[in-house]
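One-letter residues, chain by chain:
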Amino acid sequence: MARFLDRLGRTAASHKWITIGIWVLVAVVVFAWAKSAGGDTIDVYSIPGAQSQKAEDLLEERFPAQAGGTASVVFQAKSGTLTDPANQTAIEQTQTNLAPGTAPHVTQVLGPATPVVGEAFVSKDGTIGYVRVQYDQTATSLPSETLKQLETAADPAQQAGLRVEFGGPVVDYLSRDEGGNADAIGLFFAVIILLIAFGSVVAMSVPIGTALFGLAIALSIISLVSAVTDIGTVAPTLATMIGLGVGIDYSLFIVTRHRQNLSGGMEMTESIGLANGTAGQAVLFAGGTVVIAITGLALAGIPYVTRLGFMSAIAVAVMMAAAVTLVPALLGLAGRHINSVRLPHLRRRGRAEAHHSVTGARPRGWERWATFMSRHRWAAVIISLAILLTLAAPVLSMRLGQTDDGTLPENLTQRQAYDLITEGFGPGANGPLFLAVALPQPGDTAAVDAIQQAVEKIPGVEVAPPQMSPDQSAALIVAIPPSAPQSEQTEELVNRLRTEVLPAAVQGTGAEVFVGGQTAGFVDLGERIQDRLPLFIGAVVGLSFILLMMVFRSVLVPLKAAIMNLLSIAAAYGVIVAIFQWGWLKGLVGLDQTVPIVSFVPMMMFAILFGLSMDYEVFLLSRIREEYYESKDNLRSVIDGLAATARVITSAALIMISVFLSFLGDPDPTVKMFGVGLAVAVFVDATLVRLVLVPATMELLGPANWWLPKWLGKILPKIRIEEGAPPKPAPVPTVGS
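My aim in this report is to walk through the structure given alongside it, one point at a time. Computed from a predicted model, the values in this text were never measured in an experiment.

1. Regarding the pairing of strand β10 (residues 512-516)
Inference 1: Counting buried residues in β10 gives four out of five residues, a clear majority hidden from the surface.
Inference 2: Of the pairings in the sheet, the one linking strand β6 (residues 433-438) to β10 comprises five bridges and is antiparallel in character. What sits directly across from Ala438, in β10, is Glu512.

The following block contains the structure:
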């Protein structure tokens with residue numbers, strides 16, 4: 001692999017314009033194809049085999065008019081009540097404007113002006129009411145002007161002095177905020193960090209340009225895929241977050257090695273080839289591990305989560321390909337100007353770094369740090385473990401759930417509509433449960449009556465009159481819980497209905513009943529992930545253990561790596577529980593209230609972080625191993641290996657952290673969770689783990705670090721990742737030679 005990457009790097013550098021041209025052509029083709037396909041993302045939480053999925057399938061089959069998206073128009077009387085003549089007339093006009101045949105794609109409108117059931121859409125004090133609009137298409141299929149038409153239809157109510165807010169899935173989708181300038185903020189900090197690390201504008205531009213170019217292609221591919229299948233709305237943001245981080249980091253490793261080679265006197269093309277064959281091989285190994293870990297999300301058995309993983313994996317794969325082909329071409333284009341356009345105050349340090357690279361001297365600050373950690377190894381291990389376990393402690397109370405309109409910022413109309421419905425009708429009105437009943441034969445309503453009576457006996461639960469399907473073969477019963485959609489009480493109610501109330505009600509009737517709706521779907525999603533998470537973690541840890549064992553020919557090195565990675569991820573879990581679930585420092589991340597931990601976040605974070613940690617693991621340990629094989633001095637190899645790689649690891653980690661934290665500006669709490677969790681994990685991994693625990697534990701274990709049973713060594717395939725030191729300087733000619 002090293003020889004292949006070396007030749008690939010040399011070829012890309014020698015034919016730089018052809019290589020760059022191919023990448024530009026690919027980008028143009030993919031972008032144009034994605035644009036013409038018109039794909040868009042949407043949150044569809046299908047859970048094969050779950051009760052909520054069976055309920056949804058039954059309703060789509062037997063109630064086709066209710067298969068599309070819904071929206072709500074919520075009214076509040078600023079004075080008087082909604083039944084006052086002027087207010088009542090305004091609401092009636094709004095409903096008329098939204099009626100089927102008047103408003104496009106509308107199949108049903110229910111509200112205060114609807115005969116017979118109108119009272120159910122007005123609060124008991126008469127000050128709050130809402131209109132429910134049913135569309136014939138899902139939110140992702142409706143035209144963008146649908147939201148404007150909804151707002152225009154409510155003009156009579158606003159002109160009458162009523163407060164009007166809008167909510168529901170259709171409004172959520174059509175008024176999505178794409179996250180502002182989070183990616184630009186992350187890029188800004190990455191530029192600053194790279195300028196400080198490299199001291200050169202040209203050297204900084206290569207990783208930044210590669211990451212931006214690769215990200216554009218990755219997002220176009222995701223858009224293209226979303227045209228043929230359902231991809232979650234968070235996918236582009238997650239791909240941007242991860243793609244920028246790994247794209248800059250992978251390029252950083254190769255550019256750093258190339259600059260070291262040049263400082264050692266190596267010829268340009270040879271330097272690029274060697275950098276690609278050494279650092280590039282580590283990039284492919286680390287990136288490949290990320291891709292394998294993320295695609296392992298298929299074990300969750302949840303298409304939504306699996307596709308999020310695949311889209312993130314696409315971003316990582318594109319960045320890997322760009323790192324080993326586009327970066328060498330750009331380095332060839334830069335030539336000897338790679339260290340040009342230096343910042344004035346960094347020139348002296350740049351010359352000092354070149355001197356270190358040529359003479360073989362180590363950065364003294366990091367060498368002193370590594371020596372200090374090795375000498376105080378027991379204290380370093382104990383203190384680090386105490387910090388990690390303290391950070392991880394909140395994970396014991398983690399409660400999985402899902403965000404909804406009630407967790408959005410208070411200034412958004414969806415959040416205000418949610419709060420108004422809660423005020424007027426109780427918190428459960430924002431998350432009704434749909435009881436889908438499949439009758440044994442058309443018109444046999446005995447089971448429906450039994451279900452209605454049984455559910456009405458549950459304290460606090462309100463039950464709407466049953467609706468029959470057009471062919472009378474199924475029924476829909478809407479039950480309003482007394483508690484909020486995300487509360488533990490609602491989850492307990494769903495489980496009680498499924499295990500006790502409904503089975504007893506339909507016993508002997510031949511009918512089947514399924515509890516569905518968004519709230520029930522979130523319960524099923526959380527339970528499915530809880531069931532599959534141990535299997536997924538075991539598979540990822542086991543695979544990474546085997547891969548590291550093949551690379552480092554050791555048992556203890558991959559074992560320590562697995563344990564330390566688990567600790568850093570657990571610490572990240574603990575921090576997001578403390579902030580998002582407990583509410584500690586929630587204002588700093590722009591959160592108005594506490595929220596449950598989004599059910600798929602822990603699983604996706606684990607996949608991403610376990611893969612990303614391999615970057616630093618491979619980069620550091622391969623250097624330590626090489627030093628050990630040369631000197632057979634365990635202490636010296638740890639000190640030299642850490643001193644040689646600490647700065648690059650720190651720079652890479654700072655870039656990752658900056659990119660991840662920049663997404664705190666996104667209004668979506670799910671994106672905030674990913675940003676905080678990933679940033680904390682990378683910070684812990686690059687500081688406590690790589691710079692403290694690794695040198696301390698490796699010094700404690702001594703030569704045992706590289707122990708491998710002979711029988712195991714014979715059956716394990718050999719994977720060699722050369723990270724090697726910079727080449728020795730060319731000899732200086734003497735006078736008369």
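Having seen it, we continue.
2. A short note on the pattern of salt bridges
Inference 1: The full count for this structure, using the stated rule, is 10 salt bridges.
Inference 2: Glu165 serves as the salt-bridge partner of Arg163, at 3.3 Å between the closest nitrogen and oxygen.
Inference 3: Owing to a relative accessible area of 26%, Arg163 belongs among the partly exposed residues under this scheme.
Inference 4: Ionic pairing is found between Asp640 and Arg636, a salt bridge with its closest N-O pair at 2.8 Å. Of this pair, Asp640 and Arg636 both sit in helix α22 (residues 634-662), separated by four residues, roughly a single helical turn.
Inference 5: Here Asp640 falls in the buried class, since its relative accessible area comes to 12%.
Inference 6: Because the salt bridges share partners, they merge into one network encompassing Glu367, Arg636 and Asp640.

3. Regarding the side chain of Ser599
Inference 1: Within the fold, Ser599 resides in the loop between β11 (597-598) and α21 (601-631).
Inference 2: The exposure class assigned to Ser599 is buried, which follows from its relative accessible area of 0%.
Inference 3: When near neighbours in sequence (up to four residues on either side) are disregarded, Ser599 contacts Leu400, Gly401, Gln402, Leu525, Gly526 and Ile529.

4. A short note on helix α15 (residues 377-392)
Inference 1: For α15, which comprises 16 residues, the first-to-last C-alpha distance of 22 Å matches the rise-based estimate of 22 Å (1.5 Å per residue) to within 8%.
Inference 2: All of the buried residues along α15 are Ala380, Val381, Ser384, Leu388 and Ala392. The buried side chains of α15 occupy one side of the element, clustering within an arc of 95° when seen end-on. In α15, the exposed positions that point more than 90 degrees away from the buried face belong to Trp378, Ile382, Ile383, Leu389 and Thr390.

5. Thoughts on the packing of helix α9 (residues 201-226) against helix α10 (residues 235-263)
Inference 1: Interhelical geometry of α9 versus α10 gives an angle of 145° and a closest axis separation of 8 Å. Crossing hand, α9 versus α10: right-handed. Every residue of α10 that contacts α9 at Ala203, Val206, Pro207, Ile208, Thr210, Ala211, Leu212, Leu215, Leu219 and Ile222 is listed here: Pro236, Ala239, Thr240, Leu244, Gly247, Ile248, Ser251, Leu252, Val255 and Arg259.
Inference 2: Split into classes, the residues belonging to the contact of α9 with α10 amount to 15 nonpolar, four polar and one charged.

6. Re empty space enclosed by the protein
Inference 1: Counted according to the given criterion, the structure contains four cavities of 30 Å³ or more.
Inference 2: If you add up the space inside the largest cavity, you get close to 70 Å³.
Inference 3: Around the largest cavity, the lining residues are Asn565, Ser568, Ile569, Leu609, Leu612, Ser613, Tyr616, Ala681, Val682 and Asp685.
Inference 4: Among the elements that make up the lining of the largest cavity, the one with the highest residue count is α21 (four residues).
Inference 5: Tallied by class, residues from the lining of the largest cavity come to six nonpolar, three polar and one charged.

7. Some thoughts on unusual backbone geometry
Inference 1: Residue Val116 is not a glycine yet carries a positive backbone phi of 75°.
Inference 2: With relative accessibility at 85%, the residue Val116 sits in the exposed group.
Inference 3: A positive phi angle is found at Leu585, which is not glycine, with a value near 55°.
Inference 4: With respect to the helices and strands, the residue Leu585 is situated in the loop between α20 (556-581) and β11.
Inference 5: For Leu585, a relative accessible area of 60% puts it in the exposed group.

8. Notes on the sheet that holds strand β3 (residues 128-135)
Inference 1: Taken in spatial order, the four strands line up as β2-β3-β1-β4 in an open sheet, and their pairing is antiparallel. Of all strands in the sheet, those bounded by a partner on one side alone are β2 (106-110) and β4 (163-167). Along the sheet, successive strands turn relative to each other by an average axial angle of 20°, direction set aside.
Inference 2: As paired elements, β2 and β3 share four bridges and run antiparallel to each other.

Reading the values: rules and limits
Position labels on residues start from 1 in each chain and follow its written sequence. Selection of residues for local features in this predicted model requires a pLDDT of at least 70, selection of side-chain atom pairs for listing and counting requires 80 or more, and totals for whole chains, interfaces and linings are taken over all residues. With hydrogens and water stripped out, all remaining heavy atoms of the structure feed into the side-chain values. Summary of the burial criterion: residues with accessible area below 20% of their type's maximum are buried, those above 50% are exposed, and those between are partly exposed, where the area comes from a 1.4 Å probe applied to protein chains only. Only DSSP runs of H or I reaching four residues or more are called helices, and only runs of E reaching two or more are called strands; each is numbered from the N terminus. The pairing criterion is simple: DSSP has to find at least two bridges between the two strands. Here a salt bridge means any side-chain nitrogen of Lys or Arg lying within 4 Å of a carboxyl oxygen belonging to Asp or Glu. Pairs of residues are marked as contacts when any of their non-hydrogen atoms sit within 4.5 Å. Working rule for helices: expected span equals 1.5 Å times residues minus one. Along the arc lie the directions from the helix axis toward the C-beta atoms. To get an axis, fit a line to the C-alpha atoms, keeping to the stretch in contact for a helix; angles then go from 0 to 180 degrees between the N-to-C directions. Crossings are assigned a handedness: left-handed for a near helix turned anticlockwise from the far helix by less than a right angle, right-handed for a clockwise turn. Residue polarity is assigned by list, with Asp, Glu, Lys and Arg as charged and Ala, Val, Leu, Ile, Met, Phe, Trp, Tyr, Cys and Pro as nonpolar; anything else, Gly included, falls into the polar class. A pocket here means an open set of points on a 1 Å grid, computed over the protein atoms alone, that has protein on both sides within 12 Å along at least five of seven lines. A cavity is instead a set of points where a 1.4 Å probe fits but cannot get out; residues with an atom within 4 Å of a point line either one. Grid points are joined across faces, edges and corners, and a volume is the space filled by probe spheres set on the points.

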